[in-house]
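# Summary of structural features
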Amino acid sequence: KTLFFLGLTAVEKKLAEYKCNTNGAIQLKLVRFPEDLEDDNTTFNPEYSHQVFGDDEVAFGYKGLKILLYYIAGNLSTLFRIEYTSKVNEKFDCVEADDVESKIREIIPPGFCTNTDDFVSLLEKEVNFKPFGMLLHTYSIHNEEAGEDIMYQIYKADMTCPGFREYHERLQTFLMWFIETASFIDVDDERWNYFLVFEKYNKDGATLFATVGYMTVYNYYVYPDKTRPRVSQMLILPPFQGEGHGAQLLETVHRYYMSSPTVLDITAEDPSENYVKLRDFVLVKLCQDLLCFSPVKLMQGFSQEMVTEAQQKLKINKQHTRRVYEILRLRATNMGDAEQSRSYRLDVKRRLIGPYKKKQRELAKMRRCLRPEEMTNQLNQIDLNLQREQLEESFQQLVSDYRRVLERLAQA
C-alpha cells in the first residue's frame, strides 16, 4: 500500500509538470511590421481564458506551451500556431493531452494562417485595408514615446459594408480574452450598430489603419415610435488602454444618437465597474454646461428640470442624470463647510437608503404572515446599526469615485 501511494505522488508530480496556465500560454499580438513578430514588447496576454479552457484556466498535457494568436493590426488576419517543448505520451503516461487546437478553433473563424511566411506576405497587402462605414469623429492624442500627436478615427459600420462581417468575426474573438462574461452576438439581427476606433499610422510613406477597439449597441424598440440604444459590449484593445479612447468612443456614440429624434435615451447592458466610471466622466462632461446644472440650481436639489433637459438634449435617462447631478453638486459644494457638507451627505444618503426602505416594507409584510420565531431570524439580518454603517460606507465609496471623475474632468 505504502509503495502504491508513493508511486501515485510521483506520477502526480510528473503530471503536474504538464499543466500550463492558459492566460500565460496565450500570446496575442497586433502586428504592423515583420519585426513585431520577434519583439516581445508587442506581445500581450488575456485577462481571462475560462470561457475556452474552463474555470481553472489550465491546459493539461504540455510543457512550455505557447498558443500564438497574432493579428495583422488593421484587418486582423490571423496567425494561429501552437508550440511546446514536450507533450505527454498516451502510451507511456496513460493520459491524453488536452486538444488545445480544437478549443481555439471553436472561437476563431476559419481562414487563418498556420505559418509565419504566409502571414508576412499578407502583411504586405495591409496597405489596401481601409476602415468600414461612415466616419463620425477624428481626434488626436499626444504620444510621449513617439514625441508626436497620433491621429485616431471613429467609424459607424454595419453588415452591409463589404468585408465587415468577416472582419467582425475576427474582432469579436478578443472579447473572450478580455470580458469576463462575453458572448458572440447574432449579426443577422439588423438592430445592431457597430462603432469602431482606428489609429492612422505611416509605413513606407503610405497611410495605414490599425484597429484600436469597438462597441456594439442594440436598438430596442420603445412603444410607439422610439428606440432605446443599449450598449452591449465595449472593448479597447490592451495596447491602447489608458489613453482615453474609451471616453472618446462613448462620447462619439452618445453624440451620434443625440442627433436622432427617435431615440429616447441610451442605456447599457450589465455594465462593469470600469464602464460605470467611464460613463460618469462622459455624461458629466456633456451635462456640465446645461443651464439646469448651474451651481445655484445644483444647490436647490435634484429636479425634474434636470431629468427633462438631460433626456431631451443628451438622451440620458433619469437614473444616470441623478448620478451626474450628485457629481456636479459635489464640485459645487464646499465640503469644508459643515452646513453644505451635511446637506450634500443627506441628499445622497436619501437616495442610497431606497433599497433599505424597500427591505423594511417587505419585512412589514412578512410580519403579518410569519410566526414570531421565524420573524426574529429575519429581523437579525437587518440590524439598524449595521444599516447605518453600510450606508456610510456606500456614501464614502461614492464620494471617492465622484472625486476621481472630477479630477479627470479638470485635466480634460
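Residues numbered from 1 in each chain as written. Predicted model: local features only at pLDDT ≥ 70, side-chain atom pairs only at ≥ 80, totals over all residues. Heavy atoms only, no water.

## Points about the overall build of the chain
What counts here: Secondary structure is summarised from DSSP: a helix means a run of H or I of at least four residues, a strand means a run of E of at least two, and numbering begins at the N terminus for each. Summary of the burial criterion: residues with accessible area below 20% of their type's maximum are buried, those above 50% are exposed, and those between are partly exposed, where the area comes from a 1.4 Å probe applied to protein chains only. Contacts were defined at the residue level, with two residues in contact if any of their heavy atoms lie within 4.5 Å. Method for areas: the Shrake-Rupley scheme with a 1.4 Å probe, in which residue coverage is limited to the protein chains shown.
Scanning the chain from terminus to terminus reveals 17 helices and 14 strands. Here the C-alpha coordinates of the chain stretch approximately 75 × 75 × 45 Å along the principal axes. Relative to its full complement of 412 residues, the chain shows a buried share of 45%. The long-range share in the chain, meaning contacts at least 24 apart out of those at least 6 apart in sequence, stands at 66%. With an accessible surface of roughly 22600 Å², the chain has 49% of that area assigned to carbon and sulfur atoms.

## A short note on the pairing of strand β6 (residues 66–72)
Keep this limit in mind: At least two bridges found by DSSP between two strands is the condition for calling them paired.
Taking burial as the measure, the 7 residues of β6 include 6 buried ones, the bulk of the element. With 6 bridges connecting them, strand β2 (residues 26–31) and β6 associate as parallel partners. Bridging from a neighbouring strand, Lys-29 pairs with Tyr-70 of β6. Where β6 lies against strand β7 (residues 78–83), 6 bridges are found, and the strand directions are antiparallel. Considered in β7, the bridge of Leu-69 is made with Phe-80.

## Things to note about the sheet that holds β6
Spelled out, the test is: Interaxial angles span 0 to 180 degrees and are taken between N-to-C directions of axes, which are lines fitted to C-alpha atoms, for helices over the stretch in contact.
Spatial strand order, β3-β2-β6-β7: 4 strands in an open sheet with mixed pairing. The open sheet has two free edges, formed respectively by β3 (43–44) and β7, since each of these has just one partner strand. Packing of helix α6 (residues 116–123) onto the sheet brings it into contact with β2, β6 and β7, and relative to β6 it is tilted by some 20 degrees.

## Some remarks on the environment of Leu-37
Within the secondary structure, Leu-37 sits in the loop between β2 and β3. The class for Leu-37 is buried, based on a relative accessible area of 11%. In this structure, Leu-37 is in contact with Lys-29, Val-31, Tyr-70, Thr-116, Phe-119 and Val-120, ignoring residues within four places of it in sequence.

## Regarding the UniProt feature "domain: Histone acetyltransferase type B catalytic subunit C-terminal" (unreviewed entry) in the chain
Applied cut-off: UniProt positions are given in the numbering used here, feature names are shortened, and annotations may be inferred rather than shown by experiment.
Listed under "domain: Histone acetyltransferase type B catalytic subunit C-terminal" (unreviewed entry) in the UniProt record, and renumbered for this structure, are residues 279–330. Secondary structure content for residues 279–330 is 73% helix and 0% strand, and the end C-alpha separation is 17 Å.

## Considering the UniProt feature "site: Interaction with histone H4 N-terminus" (unreviewed entry) in the chain
Those places that UniProt annotates as "site: Interaction with histone H4 N-terminus" (unreviewed entry) correspond, in this numbering, to Trp-192. Exposure remark for Trp-192: the relative accessible area of 11% places this residue in the buried category. Once residues lying within four places of it in the same chain are set aside, the contact partners of Trp-192 are Ile-185, Asp-186, Thr-216, Val-217, Tyr-218 and Ser-232.

## Brief notes about the sheet that holds strand β11 (residues 192–203)
If you walk across this open sheet you meet the 6 strands as β9-β10-β11-β12-β13-β14, and the pairing is mixed. Of all strands in the sheet, those with a lone pairing partner are β9 (134–143) and β14 (267–268), marking the two edges. Sheet analysis places strand β12 (residues 206–222) next to strand β13 (residues 226–236), joined by 10 bridges and oriented antiparallel. The residue bridging Met-215 from the neighbouring strand is Met-234, located in β13.

## Considering the domain arrangement of the chain
Accessible area lost on assembly of the parts is the figure often given for the size of an interface. The condition that has to hold: Segment limits for the domains were obtained from an automatic or database-derived domain assignment. Salt bridges, as used here, are contacts in which a Lys or Arg side-chain nitrogen is within 4 Å of a carboxyl oxygen on Asp or Glu. Each polar contact in these results corresponds to two N or O atoms within 3.5 Å; when the atoms are within protein, one needs to be able to donate a hydrogen and the other to accept it, and residues that are neighboring in sequence are counted only if both atoms are side-chain atoms. Under the grouping applied here, Gly and all other residues not named as nonpolar or charged are polar, the nonpolar ones being Ala, Val, Leu, Ile, Met, Phe, Trp, Tyr, Cys and Pro and the charged ones Asp, Glu, Lys and Arg.
Along its sequence, the chain is organised into domain 1 (13–126), domain 2 (130–331) and domain 3 (352–411). Centre-to-centre separation of domain 1 and domain 2, based on C-alpha positions: 31 Å. Domain 1 puts 28 residues into the contact, and the matching count from domain 2 is 26 residues. At the junction of domain 1 with domain 2, the criterion picks out 1 salt bridge. In this structure, Glu-199 and Arg-32 form a salt bridge, with 2.8 Å as the shortest nitrogen-oxygen distance. Counting across the interface, domain 1 meets domain 2 through 11 residue pairs in polar contact (both at pLDDT 80 or more). Looking at the side of domain 1 that touches domain 2, the elements with two or more residues in it are β2, α3 (50–53) and β6. Here the side of domain 1 that touches domain 2 is built from residues that sort into 17 nonpolar, 8 polar and 3 charged.

## Let's talk about helix α13 (residues 318–332)
Here is the rule we go by: Expected span of a helix, by definition, is 1.5 Å for each gap between consecutive residues, and there is one gap fewer than residues.
With 15 residues, α13 should cover 21 Å at 1.5 Å per step; its first-to-last C-alpha distance of 21 Å lies within 8% of that length. Of all 15 residues in α13, 11 are buried; the element is thus mostly enclosed. The complete set of buried residues in α13 reads His-320, Thr-321, Arg-322, Arg-323, Val-324, Tyr-325, Glu-326, Ile-327, Leu-328, Arg-329 and Leu-330. Buried-residue contacts for α13 involve β14, α10 (273–287), α11 (295–299), α12 (304–314), α14 (338–352) and α17 (384–411).

## Some thoughts on the nonpolar core
Our working rule: For our purposes a nonpolar core is just a set of buried Ala, Val, Leu, Ile, Met, Phe, Trp, Tyr and Cys residues, chained together by side-chain atoms within 4.5 Å.
Ranked by internal contacts, the top residues of the largest apolar core, which has 108 residues, are Phe-174, Trp-177 and Phe-293. Here Phe-174 is in contact with Leu-30, Phe-44, Tyr-71, Leu-76, Leu-235 and Leu-237, once residues within four sequence places are set aside. Counting 9 residues, the second-largest nonpolar core is a separate cluster that includes Val-31, Leu-79, Cys-113 and Phe-119.

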